[in-house]
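Residue-level structure breakdown
The lines below spell out each chain.
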Amino acid sequence: MPLFAPLSTVIWLPIIAGVLVLFTGSDRNAVLARWMALAGSIAGLLVALPLWTGFDRTEADMQFEEFHRWIETFNINYHLGIDGISLLLILLNCLTTVLVVIAGWKVIQARVSQYMASFLILSGMMNGVFSALDAALFYVFFEATLIPMFVIIGVWGGPNRVYAALKFFLYTLLGSLLTLVALIYLYNASGGSFSLLDYYVLPIPLTAQILIFVALFAAFAVKVPMWPVHTWLPDAHVEAPTGGSVVLAAIMLKLGAYGFIRLSLPIVPDASQHLAPFVIALSLIAVVYIGLVALVQADMKKLIAYSSIAHMGFVTLGIFIFNPHGLQGAVIQMVSHGFISGALFLCVGVLYDRLHSRQIADYGGVVNRMPVFAAFFMLFAMANAGLPGTSGFVGEFFVIMGTMSVNFWYTFAAATTLVFGAAYTLWMYKRVVFGAVANDKVAALSDIDRREFLVLGVLAIAVLCIGIYPKPLTDVLNVSVSTLLEQYAVTKL
Amino acid sequence: MNMMSVCLVAALAPLAGAITAGLFGRQIGRAGAHWVTIIGVALSMIASAIALRDVMDGNLFNGTVYTWATSGGMRFEIGFLIDELSATMMLVVTFVSLMVHIYTIGYMADDPGYQRFFSYISLFTFSMMMLVMSNNFLQLFFGWEAVGLVSYLLIGFWYTRPTAIYANLKAFLVNRVGDFGFILGIALVLVYFGSLDYGEVFALAPGKATERIGAEIGVQWPLITAICICLFIGAMGKSAQFPLHVWLPDSMEGPTPISALIHAATMVTAGIFMVARMSPLYELSETALSLILIIGAITALFMGLLGIVQNDIKRVVAYSTLSQLGYMTVALGASAYSVAIFHLMTHAFFKALLFLAAGSVIIGMHHDQDMRHMGGLRRRMPITWITSLIGSLALIGFPFFSGFYSKESIIEAVHLSKTPAAGLAWIAVTVGVFITALYSFRMYFLVFEGKPRFEVHGSSDAQHGDDAHAHHGPVDPHESPAVVWWPLVALAVPSIVVGAIAIGPLLFGGYFGDSLQVLSKHDVVGKIGEHFHGWLAMGLHGFATVPFWLAAAGVALAWYLYLRRPDIPAKIQSAVRPLYNLLDQKYYMDRFNDWFFAGGARSVGGGLWRFGDVGVIDGVLVNGSAKLVAWLAGVARKVQSGFVYHYAFMMIIGVFVLMTWWFLHL
């Protein structure tokens, strides 16, 4: 093993780097803060790479495990370990952090060190969520991520940022309080353990399972977000700075779906099975209802936010049909959505930085002035519409394939995304990018610079590579997915 | 060279050209862009020819390129299946594509998006090759969507035109409706066959002929029928069959070369190809075949009727394409898959020819596409004129021309078919012959014969191909440059001869081998073969058939109405105003779709948003609970008034309540 404790490193290195960036202080040292943040984020990505190369794709157990006693009174341990699902999300997170730092390079001119530090610290915490095997540790990281994002929206956000930040914070906090209750119940039921791996083999009666499921669901459904607890997301996105939107859509939403996979399914399998139709119904409502709502949005960021909800509906659908295609599709959809929604928010950011408007109506004919940008935007729009050859297709394809073996009508509703997804994405694209130059402001636009090209270029390559050759991803996932489904299949009554 | 290398060259050479021209267009310049893409497509055509020769020698090929993904113990692969069907399609696609590439040099000469255009059409060729060469449903869907993407990009090529960017969005969305059915079909195949590989699925198909989908997935349908209908919905989108045809006429907003390549010769025939490729499945479902017959018959007849009232030269050809696609679909429904592919092939040649000739006329007319402004062009554009005449004769099925052999075979096949609804389809395609002749020669007479209806421009220094803005001023039409007319000639040759040459081997010589499968009870082509005595006899006999006289009547009527007595059409028009309006408004389908589907989706979406999200969820639940908390806090604040007697009073009440409760429970 190349590093002594790779998981601790991917968690703590960005956090320490973030704290160091904070020490650069005021904006007189903004340049230093930026470069330090970039170095920190790149280092964070580099230390995550050994996880990919060293990951044993045939191993069913958790890998890179670390175990230290933490709070002995409550038997809480610093227990880390990952499977293929966590691995992909950690890599996605580390890469996104680098891009977000670069994207905020020029746009953020106030409190630069704090802005950059927030993202680095947030990145480390989310890696913590993805690698925690101790329920208390998971909960701490899960809740702690709220703070940097609350700050990011509240400080660098738009005019209505305080309302949005509070809504985001309270919505998600209220959901997760119930989780704590569930974890305390499990702690008692298991005779004083917070180990997730212990919970996996703990027999629980059905009523208790259902209560635990509901408690966990309250936290994770808000985070995903699932209909009808999704309304915090469009507000948060609209008010958040571009970088905040990117991380929110690309990584933070995945914490909820990851929670379903890591906690709900294996800990309370029977309740999951009992309540699956309910979750599936909500997922399909997300696909259809939200698809239609996205269509009428006048604000680009709101539209993409609604599109995120619809795409996350595919993720929860894939998880709760309990078969390999579905679950694997869900995870790939999470990764892919990370790249695509991140890229789309960056595209909107590129326009917003120039014109200071997110309204579709203020644009038109952008392609005449920004052809390179238009090409990137087209790629990401098509990926969002699930075009084969882009990553957007892979997840949707597997989820649709998996759903068909469960129910024809579920599949029917899910597949409407082919039409709705294309309709809202391309209609927006048409109104913003195509056409004759709409007004003087559009006429004065300049095409993307090298820095923007770099960020969008990296994402474009990722989107295409996954679309054309997703096998490296599925290789990492296969064993983890089947292990998880085996655990799920054993009743715990 | 082994077959795999040949296949890779055939597929990837156009892709390499597209990438080079697309990403490095500025560096390699205009000439560089057309050379690199033309070389790519030419290599692809050579490779296709080699593949076809190998197949003729009996060397079929089925191989995997790479494993795309694995899931649940299944492998999803990218691979090639080269048999008679795919090799034929490959050659047709690359040949037409090459002609269109060359033609584009002339047609797009002054367009600022020259490199981009070449990049797109090469990308299209790559996508189409992936589609026809696929050996599995996954890659088929890849190609299927990729050609849709390129079609979208090319219809909207002139992106500043509002009509173009409306048309490309419409085309993509209507196609997506078809793809919606298509992906459900693919999912059913995966679930019930456990594989997406053609070979494995087709091998298992006969054993599942009577299987029903169980209640376990919520429906109880015959399996094969459900799969076939779902897949056919995809074909209806791509091959523009009623009622998903609405995108094709609007797609004429794109530059003419792509109307020829994508919206006539190749992409729109992908649905026909797909059904033929799935013949082992479709043979097992009479219900699906009947549906195909009905849809094809409606398309063939009613879309042809619309061609009669169009004045835009490209739109006439577009409606003719719809109608001819209907003919191919009818052939599929009659289990005459080889005839459908035969008509697909002849149609690819003569329809690409007609489109490119129309494009040549449009160049001559300085991008005025209205036929009412044309007339008498035969002397000014002799090569365009003669090739157009050849194309038109092929289209109406004049004996010995290529279209005659294929169309005659379709009519014959439907006539012999015992599949339900075949009788209806036979009437539609027979009447369709008259309609085809009428609109084709209406166009021919309006454009090439009679007196010029345009104002002649004095000088000859007019700008050619001027970025496609219509000019209505004086024009001076004359023959287009060699890069434009040369492909016309190259397409005119097969438009004449390919029918006579190919009909014997293709339909009756067992050419397609096992790539097309027909049950003996559906084998209408075999029955036609019993009366087939060579192309010469068939051609001569062609002068004595009902369709011939119907076509002749159509031509004669067109001649009388549009050349001899051009005053009559206007009178007819005002005499049957409602009928004319019905045709002019395309059966009001566009309006209905705009109002019902596009408007409906927006209204529902807006309603859900305002009422559901903003009203109930945010208004009542989220902000409501915030208000509730504030209200409760307000109540609680009142309780804590700070006056001692309030607290004392509350304490007494409390004690009283507690004591009551305690006594009651004693």
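Here goes a summary of the coordinates provided. Computed from a predicted structure; not experimentally measured. (Residues numbered from 1 in each chain as written. Chains lettered and ligands numbered in written order. Predicted model: local features only at pLDDT ≥ 70, side-chain atom pairs only at ≥ 80, totals over all residues. Heavy atoms only, no water.)

Turning our attention to the overall build of chain A. Helices and strands together make up the secondary structure of chain A, namely 21 helices and two strands. Taken over the C-alpha trace, chain A has a radius of gyration of 21 Å; the compact-globule value for 493 residues is 23 Å, and the two agree within 12%. Principal axes of the C-alpha set define a box for chain A whose edges measure 70 × 55 × 40 Å. Within chain A, the proportion of its 493 residues that are buried is 69%. Of the contacts made within chain A by residues no fewer than 6 positions apart, 82% connect residues no fewer than 24 positions apart. Roughly 15,200 Å² of accessible area belongs to chain A as shown, and the carbon and sulfur atoms make up 69% of that amount. Side chains of chain A carry 23 positive and 24 negative charges; the gap between the two charge centres is 12 Å. (Helix = DSSP H or I, 4+ residues; strand = E, 2+ residues; numbered from the N terminus. Rg over C-alpha atoms; globule rule 2.2 N^0.38 Å. Buried < 20%, exposed > 50% of the residue type's maximum accessible area, 1.4 Å probe, protein only. Contact = heavy atoms within 4.5 Å. Areas by Shrake-Rupley, 256 points an atom, 1.4 Å probe, with all protein chains shown as cover. Lys, Arg positive; Asp, Glu negative; His and termini not counted. Charge placed at Lys NZ, Arg CZ, Asp CG, Glu CD.)

The next thing to look at is the pattern of salt bridges. Residues and elements named next belong to chain B. Using the criterion set out here, one finds 21 salt bridges over all chains in the structure. Among the salt bridges present, the one from R277 reaches D83, with a minimum N-O distance of 2.9 Å. Here D83 lies in the loop between β2 (74-82) and α3 (84-107) and R277 lies in helix α11 (residues 270-277), a separation of 194 residues in the sequence. With relative accessibility at 2%, the residue R277 sits in the buried group. Salt bridges linked by common partners bring K170, D250, R315, K586 and D590 together as one network. (Salt bridge = Lys/Arg side-chain N within 4 Å of Asp/Glu carboxyl O.)

This paragraph deals with a nonpolar patch on the surface. All names here are of chain B. A cluster of nonpolar side chains, namely L628, W631, L632, V635, V639, F649, M650, I653, F656 and V657, defines an oily patch on the protein surface of about 1,000 Å² accessible area. Elements with a contribution of two residues or more to the nonpolar patch: α25 (589-639) and α26 (644-664). Here V639 lies in helix α25. (Patch = residues over 30% accessible without salt bridge, like charges linked within 9 Å, V, L, I, M, F, W, Y side chains within 5 Å.)

What follows covers the packing of aromatic side chains. Applying the stated rule across the entire model yields 75 aromatic pairs over all chains. For the pair F376 of chain A and F453 of chain A, a centre-to-centre distance of 5.3 Å together with 75 degrees between the ring planes defines the contact as edge-to-face. Remark: F453 of chain A occurs in helix α20 (residues 450-468) and F376 of chain A occurs in helix α15 (residues 371-384); sequence separation between them is 77 residues. Among the residues examined, F376 of chain A registers a relative accessible area of 12% and is labelled buried. Both rings, one in F397 of chain A and one in F398 of chain A, keep their centres 5.5 Å apart while their planes meet at 65 degrees; by these two values the pair is edge-to-face. As far as the burial class goes, F397 of chain A and F398 of chain A line up, both buried. These aromatic residues form a ring-pair network of at least three members: F138, F142, F213, F217, F220, F260, F278, F320, F322 and Y488 of chain A. It is K223 of chain A that lies over the ring of F142 of chain A; its NZ or CZ is 4.8 Å from the centre. We note K208 of chain B situated over the ring of F193 of chain B; from NZ or CZ to the ring centre the distance is 5.5 Å. (Phe/Tyr/Trp six-rings, centres within 6.5 Å; stacked < 30°, edge-to-face > 60°. Lys NZ or Arg CZ within 6 Å of the ring centre and 35° of its normal.)

Quick look at the interface of chain A and chain B now. Many analyses report the size of an interface as the accessible area lost when the parts associate. Counting residues at the interface gives 63 residues for chain A, matched by 54 residues for chain B. Contact between chain A and chain B buries roughly 5,100 Å² in total, counting both sides, with carbon and sulfur atoms accounting for 75%. The largest per-residue losses of area from chain A upon contact with chain B belong to M404, F408 and L418 of chain A, which jointly make up 12% of the total buried on that side. Summed over the shared surface of chain A and chain B, the number is zero salt bridges. For the side of chain A that touches chain B, the element with the most residues is helix α18 (residues 417-432) of chain A, which contributes eight residues. Tallied by class, residues from the side of chain A that touches chain B come to 41 nonpolar, 16 polar and six charged. (Buried area = accessible area lost by both parts, 1.4 Å probe. Nonpolar A, V, L, I, M, F, W, Y, C, P; charged D, E, K, R; others polar.)

It is worth spelling out empty space enclosed by the protein at this point. All names here are of chain B. Counted under the stated rule, the structure contains ten cavities of 30 Å³ or more. Lining the largest cavity are I313, L354, A357, A358, V361, S388, S392, M443, Y444, V447 and F448. A per-class count over the lining of the largest cavity returns nine nonpolar, two polar and no charged. The computed volume of the second largest cavity comes to approximately 60 Å³. Along the walls of the second largest cavity sit I396, G397, F404, K407, E408, I411, V433, G542, T545, P547 and F548, which together make up its complete lining. At the level of elements, α17 (402-416) and α22 (546-564) are the ones that each hand at least two residues to the lining of the second largest cavity. Per-element accounting of the lining of the second largest cavity gives the leading share, four residues, to α17. Residue composition of the lining of the second largest cavity, by class: six nonpolar, three polar and two charged. (1 Å grid on protein atoms, 1.4 Å probe; cavity = no way out; pocket = protein on both sides within 12 Å on 5 of 7 lines; lining within 4 Å. Points joined across faces, edges and corners; volume = space filled by probe spheres on them.)

All names here are of chain A. With 20 residues, helix α3 (residues 84-103) should reach 28 Å at 1.5 Å per residue; the first-to-last C-alpha distance of 29 Å fits that figure. Of all 20 residues in α3, 20 are buried, a share of seventy percent or more. At the N-terminal boundary of α3, the capping side chain belongs to D83, with an oxygen 3.2 Å from the backbone nitrogen of I85. (Expected span 1.5 Å × (residues − 1). Polar contact = N/O pair within 3.5 Å; in protein donor to acceptor, adjacent residues only side chain to side chain.)

In this structure, the amide linkage connecting V224 of chain A to the following residue, P225 of chain A, adopts the cis form with an omega of -15 degrees. Checked against the element boundaries, P225 of chain A lands in the loop between α9 (206-223) and α10 (232-239). Backbone torsion omega between F242 of chain B and P243 of chain B reads 0 degrees, so that peptide bond is classified as cis. Positive phi, normally seen in glycine, also occurs at Y587 of chain B, with a value near 60 degrees. One can find Y587 of chain B in the loop between α24 (577-584) and α25. Here the phi dihedral of Y588 of chain B falls at roughly 60 degrees; this positive angle occurs in a residue that is not glycine. Structurally, Y588 of chain B is set in the loop between α24 and α25.

Turning next to the layout of surface pockets. The volume enclosed by the second largest pocket comes to roughly 1,000 Å³. Taken together, 30 residues form the lining of the second largest pocket, with V419 of chain A together with L173, N593, F597 and A598 of chain B sitting closest to its centre. Secondary structure elements with two or more residues in the lining of the second largest pocket: α12 (269-295) and α18 of chain A together with α6 (162-193) and α25 of chain B. Residue contributions to the lining of the second largest pocket peak at twelve residues, all from α25 of chain B.

With that settled, consider the side chain of S417 of chain B. Residue and element names in this part refer to chain B. One can find S417 in the loop between α17 and α18 (422-448). Since its relative accessible area comes to 9%, S417 is described here as buried. The contact partners of S417, leaving out residues within four places of it in the chain, are A334, A422 and V524.

The subject of this paragraph is a negative patch on the surface. Residue and element names in this part refer to chain A. A cluster of acidic side chains, namely D56, E59, D61 and E65, defines a negative patch on the protein surface. Mapped onto the elements of the fold, D56 is located in the loop between α2 (30-54) and β1 (63-71). For D56, a relative accessible area of 34% translates into the label partly exposed.

Within strand β2 (residues 76-82) of chain A, seven of the seven residues are buried, which leaves it mostly tucked inside the rest of the structure. Where β1 of chain A folds back on β2 of chain A, the antiparallel hairpin that results is connected by four residues, among which N75 of chain A adopts a positive phi of roughly 55 degrees. (Pairing = 2+ DSSP bridges.)

Moving on to the environment of A42 of chain B. All names here are of chain B. As for its placement among the helices and strands, A42 is situated in helix α2 (residues 25-56). Classification of A42 by relative accessible area gives partly exposed; the value is 24%. Sequence spacing of A42 and M267 is 225 residues, and the spatial spacing of their C-alpha atoms is 19 Å.

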